[in-house]
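Each chain is listed here by its residues.
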Amino acid sequence: MTGSRIVALGHYQPAKVLTNADLTKLVDTSDEWITSRVGIRTRHVAGPDEPVDELAAHAGAKALASAGLTPADVDLVLVATSTAIDRSPNMAARVAARLGMGSPAVMDLNVVCSGFTHALASADHTVRAGAATRALVIGADKMTEIADWTDRSTCVLVGDGAGAAVIEATTEDHRDTHAGTVGPVLWGSVPEMGHAVRIEGTPPRFEQVGQSVYRWATTQLPPIARQVCARAGVAPEELAAVVLHQANLRLIEPLAQRIGAVNAVIARDVVDSGNTSAASIPMAFSKLVERGEITSGAPVLLFGFGGNLSYAGQVVRCP
């Protein structure tokens, strides 16, 4: 059985930036109110002519270029998103068409905020089974399109963007320090609490019971994240970086502390990007790597959580 590794990463955000000051003109809020509760200062907003698959394709193209690969080198495209309005062609097929790929398998995954870590695990499993040799895994969401801009408790949170990873087969064991290696996933959900995060209706709108999600994340998820580390044979204090779903800075910081990642760089991209759902983990990870904040081969915890009250995490080695 082969393993898999991350060869390269890429990210993309729309050019338009919406500041907290801009939001005060749309809804009854203030910069102090937003930063004190969620830690967000700016977010990027895609225009009506920038669909989800375009964001995804830009991030995917950047990852492929970083890997020194062409679109023809990919035989599997997985796109994690919960904001794809159209059902067919799916986002993965549209990305493949935009990038001029040959004949890859194309699949979308909707696991909301933990979509990317689910998709990464799915790509890892597919490669290990021998059904693919190289995958493009993308998390992309256009959350501003499903926001209720009259609800200050949710509209201040959201942003748009995409992050991507190129995954390929390797014969290296997942417990060694080989750069990019993808460790085993731990995933699950709390179905009876799925109502706490919703994207429902026509047109669809994002709603959540913020306090319920906060309590669940800060109390129930730390021991699960520690189990993720144990599966990879890495102690929390050995982690070089922790990239959690970028939901809320006031959630990220205590969660990282309770995991025990005392020596890790903590991704705080939410401050500049807002909550971008499935895009948040690959986008934040890509930026850390691009800035040289993580050494190649160092262990990094990726841990997504949110909608469905689902979660998925794995320790990967930095490419």
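Treat the numbers as computed from the prediction; the structure is a model and nothing was measured.

Thresholds applied
Residues numbered from 1 in each chain as written. Predicted model: local features only at pLDDT ≥ 70, side-chain atom pairs only at ≥ 80, totals over all residues. Heavy atoms only, no water. Helix = DSSP H or I, 4+ residues; strand = E, 2+ residues; numbered from the N terminus. Rg over C-alpha atoms; globule rule 2.2 N^0.38 Å. Contact = heavy atoms within 4.5 Å. Areas by Shrake-Rupley, 256 points an atom, 1.4 Å probe, with all protein chains shown as cover. Buried < 20%, exposed > 50% of the residue type's maximum accessible area, 1.4 Å probe, protein only. Polar contact = N/O pair within 3.5 Å; in protein donor to acceptor, adjacent residues only side chain to side chain. Salt bridge = Lys/Arg side-chain N within 4 Å of Asp/Glu carboxyl O. Pairing = 2+ DSSP bridges. Axes fitted to C-alpha atoms, helices over the stretch in contact; angles between N-to-C directions. Phe/Tyr/Trp six-rings, centres within 6.5 Å; stacked < 30°, edge-to-face > 60°.

As a further point, take the overall build of the chain. The secondary structure content of the chain amounts to ten helices and 14 strands. Whereas a compact globule of 319 residues would reach a radius of gyration of roughly 20 Å, the chain reaches 18 Å, a difference of no more than 12%. Seen along its three principal axes, the alpha-carbon backbone of the chain occupies a region of about 55 × 45 × 40 Å. Sequence-distant contacts, at least 24 apart, represent 76% of the contacts inside the chain between residues at least 6 apart. Counting only carbon and sulfur atoms, one obtains 50% of the accessible surface of the chain, whose full area is about 12100 Å².

Tracing the backbone through its elements, the reader meets T81 in the loop between β4 (76-80) and α4 (91-99). Look at T81 and you get buried, because its relative accessible area is 5%. From its side chain, T81 meets the backbone nitrogen of T83 in a polar contact 3.2 Å long. In this structure, T81 is in contact with V52, M91, L109, N110, A140, D141 and A278, ignoring residues within four places of it in sequence.

The next thing to look at is the pattern of salt bridges. In total, this model carries 14 salt bridges according to the counting rule given. A salt bridge links K62 to E290, with the shortest nitrogen-to-oxygen separation between them at 3.0 Å. Taken together, the residues span a long stretch of sequence, with K62 in helix α3 (residues 52-67) and E290 in helix α10 (residues 280-290) at a distance of 228 residues. The partly exposed category is assigned to K62, whose relative accessible area is 32%. Among the ionic pairs, R94 bridges to D86, the shortest N-O distance being 3.5 Å. Connected through shared salt-bridge partners, R5, R134 and E168 make up one network.

What follows concerns the sheet that holds strand β8 (residues 186-189). Strand order in this open sheet of five strands is β8-β14-β13-β11-β12, and the pairing throughout is mixed. The open sheet has two edge strands with one neighbour each: β8 and β12 (265-266). For strand β11 (residues 241-244) and strand β13 (residues 299-306), the ladder comprises four bridges, and the chain directions are parallel. Across the sheet, A241 pairs through a bridge with V300, a residue of β13. Against the sheet, helix α8 (residues 249-259) touches β11, β12 and β13, its axis set at about 135 degrees to β11.

What follows is about unusual backbone geometry. Look at the link from S88 to P89: it is a cis peptide, with omega at -5 degrees. Residue P203 follows T202 across a cis peptide bond; omega there is 0 degrees. Of note, N308 is a non-glycine position whose phi angle comes to about 75 degrees, a positive value. Within the secondary structure layout, N308 lies in the loop between β13 and β14 (310-317).

The residue G194 is located in the loop between β8 and β9 (197-200) in this model. On a C-alpha basis, the gap between G194 and A264 in space is 31 Å, while along the polypeptide they are 70 residues apart. When sequence neighbours within four positions are dropped, the list of residues in contact with G194 reads N308 and L309.

Under the counting rule described, the total for this entry stands at one aromatic pair. Taken together, a centroid distance of 6.3 Å and an interplanar angle of 40 degrees make the contact between F303 and F305 tilted. F305 carries the same exposure label as F303, and that label is buried.

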